[in-house]
Structures are given as C-alpha cells and as structure tokens.
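Architecture at a glance
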Amino acid sequence: MASVGTALRELRGAQKSAKGVSLYSRFVNRPVGRYLAAGSYALGLTPNQVTLISAALSFAGAAVVALASPSWALGIAVWALLAVGFAFDSADGQLARLRGGGSAAGEWLDHVVDCAKLTSLHTCVLIAFYRFPEAYGVGGGADGGGASAGWLLVPLGFQLAAVVTFFGGLLTEKLKPKPAPGSAATAPSTLRAVALLPVDYGVFCLVFLFLGGTGLFRWVYAGAGVMAALFLVAFLAKWFRELSAVPR
C-alpha cells in the first residue's frame, strides 16, 4: 500500500475541475479531503467506507442539534462534526480516483447520503426549535410556551430549497450533453466562486457556531435560508434555460 506522501502526490494530479465550485470548496474542503483521502488510502479503506464515515459524522452533528440545549460549546462541536463530515464527503471521490475509478453503486451511495444529510439536518433544527423554544427565542402562544408556528416553518422552507437545489443540479448535470472528448476545459471563474459562497454547504456549517447566542442562531439560520431560496430561483432559471437548448 502506498504511503500518505505518495498518495498525496498522485491526488494533486487527479483533481476534479474547479468550475462551478465555491472558494470554500476549492481552497478548504477539497484540500482537507485530499489529506483524508490519502490517509484513508494508506489505511486500506474503500471509498464506500469513507462515505459511511462522512455520514456518521454528519448525522451525529445533526442529532446533537436536536437532542441538546444550545450553547457555544455545542455550536463548536456541531460545526466540527459537520465540517469534517463534509471533508470526508470530498475524500470518498478523491479516494475512488486514487484507486483507479469509482463504481455506480458508490456514486449512488454518495448521493443518497448527501440527500439524507440535508434533510436530517434541517429536520433536527426544526426539532430543536420545538424542544428548546426559549433558548432559541422562538417561543409563541398566549402562555409563552412552545415554539411559534412561523419559526417552525423556517427549517421546512430551508429544507425544501436545499433539496430542490440538490436534486435540480444533479439532474441538470445528467441531462446536459457531455463535452466532446479533447475539448478545452473552461477556466473556473473567481467571481462565480465568490458568488457561490452563500450556498456552499461548508459555509452553511459555520451557522451552527452561533448556537450559543440566545436568539442569534435563528436569525443567522433564517438569513441563510433566504439566500438558499433566492439562489434556488436563480439556479432553476439558469438550468431550465440551458436544458431548453438541448435537443430531445
């Protein structure tokens, strides 16, 4: 089995295109994932095992949000679990390329885990709002108990925007014609990479660092949800326009 150093050298020459990727994914998540992939390769792990590690970390972070009363320490723990889980999500694909290519089953597992990760995280925020309304400042009702129905709708709306964006982007890539072999690759746009930061999952993970601020988290989370909804509208228009030009 190759050493970590050898694996890293091979991975540097086997990276995916940076087109359509935010600055966080390009300069933080992918490089961290490269080290995780190299370490996983040296340990003899398979890409599917790395995907399951990513799932375990991500689901643990989501579960903690739902089960524990919010605090600054909890926020750091949740962010760390989600961020490292996201890095392992990058590592599984890099590990697959290092091992000579992935499989259809591995790609399927990766996408299923990604979708489950999105839905479970927002569901756990909804549960947290319901269980700890005073801590999050979302209390409602005449007696001051329970969570306001309006705030409970925020995670549901955020979840809808995130899942439709995920599925719409995935389907668009499947339906768009593949570039002709040997065609020149389009250089990644720095402006686009910056513009995509508000809807990068790694940037979204930072929202949970605000769990310790009484009432602060709900506003930061809601703001991220509004950005997700606005980007969804823009993405849908763009994807529909691109696919309208594809002959059936």
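Just above sits the structure.
Here is a short report on the structure shown in this document. (Residues numbered from 1 in each chain as written. Predicted model: local features only at pLDDT ≥ 70, side-chain atom pairs only at ≥ 80, totals over all residues. Heavy atoms only, no water.)

Let us now look at the environment of Cys205. Within the secondary structure, Cys205 sits in helix H9 (residues 201-205). Looking at Cys205, the relative accessible area reads 0%, which means it is buried. Spatially, the C-alpha atom of Cys205 lies 6.3 Å from that of Ala83, the residues being 122 residues apart in sequence. In this structure, Cys205 is in contact with Trp79, Leu82 and Ala83, ignoring residues within four places of it in sequence. (Helix = DSSP H or I, 4+ residues; strand = E, 2+ residues; numbered from the N terminus. Buried < 20%, exposed > 50% of the residue type's maximum accessible area, 1.4 Å probe, protein only. Contact = heavy atoms within 4.5 Å.)

What follows covers the environment of Ser71. On the secondary structure map, Ser71 appears in the loop between helix H3 (47-67) and helix H4 (72-98). With relative accessibility at 29%, the residue Ser71 sits in the partly exposed group. As for Ser71 and Leu211, which are separated by 140 residues in sequence, their C-alpha atoms are 5.6 Å apart. Once you skip the residues sitting within four places of it in the chain, Ser71 turns out to touch Leu211 and Gly212. Only 3.1 Å separates the side chain of Ser71 from the backbone nitrogen of Leu74, close enough to count as a polar contact. (Polar contact = N/O pair within 3.5 Å; in protein donor to acceptor, adjacent residues only side chain to side chain.)

Considering all chains together, one arrives at 5 salt bridges under this definition. Linking Glu107 and Lys174 is a salt bridge whose minimum nitrogen-to-oxygen distance equals 3.2 Å. Of this pair, Glu107 sits in helix H5 (residues 104-131) while Lys174 sits in helix H7 (residues 149-175), and the two are 67 residues apart along the sequence. Glu107 gets classed as partly exposed once you look at its relative accessible area, which sits at 40%. Here the residues in one salt-bridge network are Asp89, Asp114 and Lys117, joined through shared partners. (Salt bridge = Lys/Arg side-chain N within 4 Å of Asp/Glu carboxyl O.)

All right, on to helix H2 (residues 23-43) then. For H2, which comprises 21 residues, the first-to-last C-alpha distance of 29 Å matches the rise-based estimate of 30 Å (1.5 Å per residue) to within 8%. In H2, a bend of some 35° at Asn29 exceeds every other bend along the element, and Pro31, a proline, comes one to four places later. The complete set of buried residues in H2 reads Tyr24, Ser25, Arg26, Asn29, Arg30, Gly33, Arg34, Ala37, Ala38, Ser40 and Tyr41. In the segment just after H2, Gly44 is the residue with positive phi, at about 80°. (Expected span 1.5 Å × (residues − 1). Bend = angle between axes of the 7 residues up to and from the residue.)

The geometry of H3 relative to H5 is characterised by a closest axis approach of 7 Å and an angle of 10° between their N-to-C directions. Taken together, the axes of H3 and H5 are roughly parallel relative to one another. Residues of the contact of H3 with H5, tallied by class, amount to 16 nonpolar, 5 polar and 3 charged. (Axes fitted to C-alpha atoms, helices over the stretch in contact; angles between N-to-C directions. Parallel < 35°, antiparallel > 145°, perpendicular 65-115°, else oblique. Nonpolar A, V, L, I, M, F, W, Y, C, P; charged D, E, K, R; others polar.)

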